[in-house]
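Descriptive structure summary
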Amino acid sequence: MPFEKGLGNQPGQNNCFLNVVIQVLWHLEDFRIPFSQLYLSQHHCPGGNPRSCIFCALKHIFTQIEYSPVQQIPIDALRVALSVRYGKEGRFALGELDDAMEAFEAVLESIHNALREPCVSAHYCTCVAHDVFSLRLADQVVCRACGAASKPLCYQQWILNVCAADLWSAWTRYPHLSFGALLRQCMAEHKSCPAERCACKSPQIRMLLRLPKILPVALNWHAESVAATDVAAVAGLIPNMLEIDHVFPDGLGAPTEDRPQNAFGYLRAVICYRGRHYFAFLYSALARRWLMFNDSVVSEAGTLDDVLLRCQAIRAQPSLLLYTISLTHPSPARVEQLRTQMGRQHARFGRYLRPAPLSCPPQPLASVPSQPLDRPAPPAVMPTAPPAAPAPLPLLRHFLSAVPPSGYHAPTPQESESPDWVLV
């Protein structure tokens, strides 16, 4: 691919976990454009040491990718900055292989710490890292028996984490649920009643206070190497379009002109892991197809179906999915096309999309009746959908009304008309 550049990873460097993070950040325009527009004068190096500044190192690599005639860009500056910055914690040592998701979070946190603009609060920072990726959430427990409500607990995180085995277990119990609803089931928890005299346990309500521009979803696997059938089982559930209100059914409260009732995520990047090695699949708007980035080697991967089938063939575990958020509602014809193509994807993975155990039993899910995975026989009657969580009390809705809206990514007219904008 002459218009794409690879990243260096010499024997013994083990840079693959960091290479995929750099490629993802570069190819996601919602991050690359605002980050590239920042000046070095707008940040400060931690401790006044440029050698440990991840912001400076990433800016240097982005400049090299954009302007250098070399097809293989070295990332030594960023690797050294990570090792210096987190060396006292025993993380990201030179020559050692680390977790790509941890590196992703560390880079974003370092960018946030390096910017000079003061944050309004820990939950409403306006830096580029928080504006693009931050998930601002609020948890609240409302007792079903006595109606007592806990105080909303507000926090932020970079990645939405779920267990791959829990995801598959949820699908075996509720195969009619969408991928977003399955994610919600994996995150569901039961908490004790806030009132001391009540012994009832109720599901915890989790609300998304602000839509990010990009939604990262991490799939955590139980082992470094898994069977091809396990990979195919989970890969067959991954959709190209994700409805955000299925993940967070409480949404952003009452819809307004700036806060729509629903938003949609379109899959644009998949980071995979196999045999102590990371590589990434990214959708290229320029090539109008998916590309595979394996350190310095860049190759065509075809459609999303081809990507998932390749993961199955080489037993590569999809570990991080990145969805760009759009407020553009697909047309009815496009939705029908998406359903047809999802049906084709399920048909290609059909022999794996049946109630069957993964190699490792997952943790029991909240709000879902427990069923051992060594007994995969489905019930005679299709189970009903899990009960919806009660609506938040006015206290939480009043709190949400004060949250400022954020910017979003909308597909270009060319992308909207492109058949690759949905699953192909």
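These numbers come from a predicted model, not from an experiment.

**Comments concerning helix α7 (residues 164-173)**
In terms of burial, α7 is largely enclosed, as 10 of its 10 residues are buried. The set of residues buried in α7 consists of A164, A165, D166, L167, W168, S169, A170, W171, T172 and R173. Of the surrounding elements, those touching the buried residues of α7 are β5 (160-163), α8 (179-187), β8 (214-220) and α9 (228-235).

**Notes on the packing of aromatic side chains**
Under the counting rule described, the total for this entry stands at 13 aromatic pairs. Here F31 and F35 contribute two aromatic rings whose centre-to-centre distance is 5.2 Å and whose plane-to-plane angle is 15°, an arrangement assigned as stacked. On the criterion of helical spacing, the pair formed by F31 and F35 is a turn pair, its members being four residues apart in helix α2 (residues 29-36). Residue F35 is classed as buried on the basis of its relative accessible area, which comes to 0%. Aromatic pair W168 and W171: ring centres 5.2 Å apart, planes at 10°, arrangement stacked. Here W168 and its partner W171 are both found in helix α7, three residues apart, which amounts to about one turn of the helix. For W171, a relative accessible area of 10% gives the class buried. Across the ring face of Y283, the terminal group of R268 is positioned such that the distance to the ring centre comes to 4.4 Å.

**Some remarks on the environment of E243**
Residue placement: E243 occurs in strand β9 (residues 241-243). Along the backbone, E243 and A263 are 20 residues apart, and their C-alpha atoms lie at a distance of 6.3 Å. Every residue in contact with E243, bar those within four places of it in the chain, is listed here: N262, A263 and F264.

Rules of the game
- Residues numbered from 1 in each chain as written.
- Predicted model: local features only at pLDDT ≥ 70, side-chain atom pairs only at ≥ 80, totals over all residues.
- Heavy atoms only, no water.
- Buried < 20%, exposed > 50% of the residue type's maximum accessible area, 1.4 Å probe, protein only.
- Helix = DSSP H or I, 4+ residues; strand = E, 2+ residues; numbered from the N terminus.
- Contact = heavy atoms within 4.5 Å.
- Phe/Tyr/Trp six-rings, centres within 6.5 Å; stacked < 30°, edge-to-face > 60°.
- Lys NZ or Arg CZ within 6 Å of the ring centre and 35° of its normal.

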